Amino acid sequence: KALAEIYGTEAILDLVFYSMLSSNTPWKQGYRTRCWELLHRLDNRQRIIDLLQSAQIPSNDSFLLDLRKSMNDLGIVPQRREEILWVRELLQPTYASFWKEAILAFAVLEEPRRNTLEMRDVPMVVSVNRHTPKYLQMPTANVLDEIEQKLKSRDHYYETKGGGVFSSSTELFRTHKESLTWGDAMAITTALTAMTVPEVRSHLFDYALRDHRDVTTEYGGVIALDKKGRFEILEFEPKIRHHDRRFNASQDMFDAAYTALFHFHFHAQKLRNGDHAGPGMGDKTYARNTRANCLVFTFVNEETMNVDYYRHGDVVIDLGTISIH
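Note that this is a predicted model, so its numbers are computed, not measured.

1. Description of the sheet that holds strand β6 (residues 315-323)
Pairing in this open sheet of 6 strands is mixed, and the strands run β2-β1-β3-β4-β5-β6 from one edge to the other. In the strand order of this sheet, the two ends are held by β2 (231-235) and β6, each with one partner. Taking the axes of each pair of neighbouring strands and ignoring which way they run, one obtains an average angle of 25 degrees across the sheet. Judged from the 7 bridges that link them, strand β5 (residues 304-311) and β6 form a sheet pairing that is antiparallel.

Structure below.
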């Protein structure tokens, strides 16, 4: 408000950008991240792109050079702190082959589709290009219609005690269908595919039962693909434990998640926990901050769990139940 009063509303975005550009010192990295998030709250993405492309960025400013490289290579301009860290980690030499593969996979996509993608979509695009390339060109509406047919015959349970005004419609596929991106469609398709694999379900139920027995915390981890293209469950019990209704993701988990498909955790406090089937307020905050693709698995009974897909923007989609058998 003060900047608007002094310089005018139209000048604020450029002022913030150039303040960030001139703050290239190690102890100001937190300030620069907050500037970047503020730029996105000002809601003029094209101006941010123009400034990032045209600015004279010093050769030692790896922060802005990494953001520019993400924009030029993949067309992705990250919005939040965790996405910035995500970009900068994937641009480390360790991930050089993965980044090159991502560039090639993104190049196959038509520009309107590429323009909808975010950091959470990068591992998904690489996976699709490797294993199911037919989806790269398939219209989003067709993929969503496939999903809708798969979900029709499934049993669904909904979060009814998570606080706020509850409506089961907020977790229905049809509620969000028109606003879902191709990346969302591929995430949901991939999650549904993973749940058909007996080894995946067996591992998830074993891990969830261990979570049920541990009353000090929730358990979680990431779902990834191994070198042979098989789904794998990577476990990351939290190092910091608060209580049985909270999962604290460790840095080790975030490191593993940079090339993985999903973050996940359990609601396993009870074996009949259907009233808490779906992300709670804290889970939605986590999704908003990380901007990752997330799954939550909730016990309905000892042999059945409900699965929900969620991400930032309060998008929650009940994917139905899976059985241990």
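From this point, the narrative continues.
2. Details of the pattern of salt bridges
Opposite charge on two side chains permits pairing when their charged atoms draw close. Counting across every chain of the model gives 21 salt bridges. The shortest N-O distance in the salt bridge between R130 and E101 comes to 2.7 Å. You can see R130 sitting in helix α9 (residues 122-131) and its partner E101 sitting in helix α7 (residues 96-108), a full 29 residues away along the chain. Overall, the relative accessible area of 41% leaves R130 in the partly exposed class. For D145, the salt bridge is made with K177, and the minimal N-O distance between the two is 2.8 Å. Of this pair, D145 sits in helix α10 (residues 140-152) while K177 sits in the loop between α11 (173-176) and α12 (182-194), and the two are 32 residues apart along the sequence. Given a relative accessible area of 16%, K177 falls into the buried group.

3. Some details on the pairing of β6
Counting buried residues along β6, 8 of its 9 residues qualify, which places the element largely inside the surrounding structure. Between the antiparallel neighbours β5 and β6 lie 3 residues, among them G313 with a positive phi of about 80 degrees.

4. A closer look at the packing of helix α5 (residues 62-74) against helix α6 (residues 81-90)
At a closest axis distance of 10 Å, the pairing of α5 and α6 adopts a crossing angle of 85 degrees. In terms of axis orientation, α5 runs roughly perpendicular to α6. Every residue of α6 that contacts α5 at S62, F63, D66, L67 and S70 is listed here: I84, V87 and R88. The residue inventory of the contact of α5 with α6, partitioned by class, reads 4 nonpolar, 2 polar and 2 charged.

Thresholds applied
- Per chain, residues are indexed from 1 in the order of the written sequence.
- This being a predicted model, a pLDDT of at least 70 is required before a residue's local features are given, and a value of 80 or more before pairs of side-chain atoms are given or counted; all residues contribute to the totals for chains, interfaces and linings.
- Hydrogens and waters are ignored; side-chain quantities use all the structure's heavy atoms.
- Strands were regarded as paired on the criterion that DSSP finds at least two bridges between them.
- The numbering of helices and of strands both runs from the N terminus, where a helix is a DSSP run of H or I of at least 4 residues and a strand a run of E of at least 2.
- Axis angles are defined between N-to-C directions and span 0 to 180 degrees, where every axis is a line fitted to C-alpha atoms and, for a helix, only to the segment in contact.
- Criterion for a salt bridge: a side-chain nitrogen of Lys or Arg within 4 Å of a carboxyl oxygen of Asp or Glu.
- Exposure categories follow from relative accessible area, calculated using a 1.4 Å probe and restricted to protein chains: below 20% of the type maximum is buried, above 50% is exposed, and the middle band is partly exposed.
- With respect to orientation, any angle under 35 degrees is reported as roughly parallel, any angle over 145 as roughly antiparallel, any angle of 65 to 115 as roughly perpendicular, and every other angle as oblique.
- In this analysis, two residues are considered to be in contact whenever any of their non-hydrogen atoms come within 4.5 Å of each other.
- Three residue categories are used. Nonpolar comprises Ala, Val, Leu, Ile, Met, Phe, Trp, Tyr, Cys and Pro, charged comprises Asp, Glu, Lys and Arg, and polar comprises the others, including Gly.

Function cannot be inferred from these measures alone, as they are strictly geometric.
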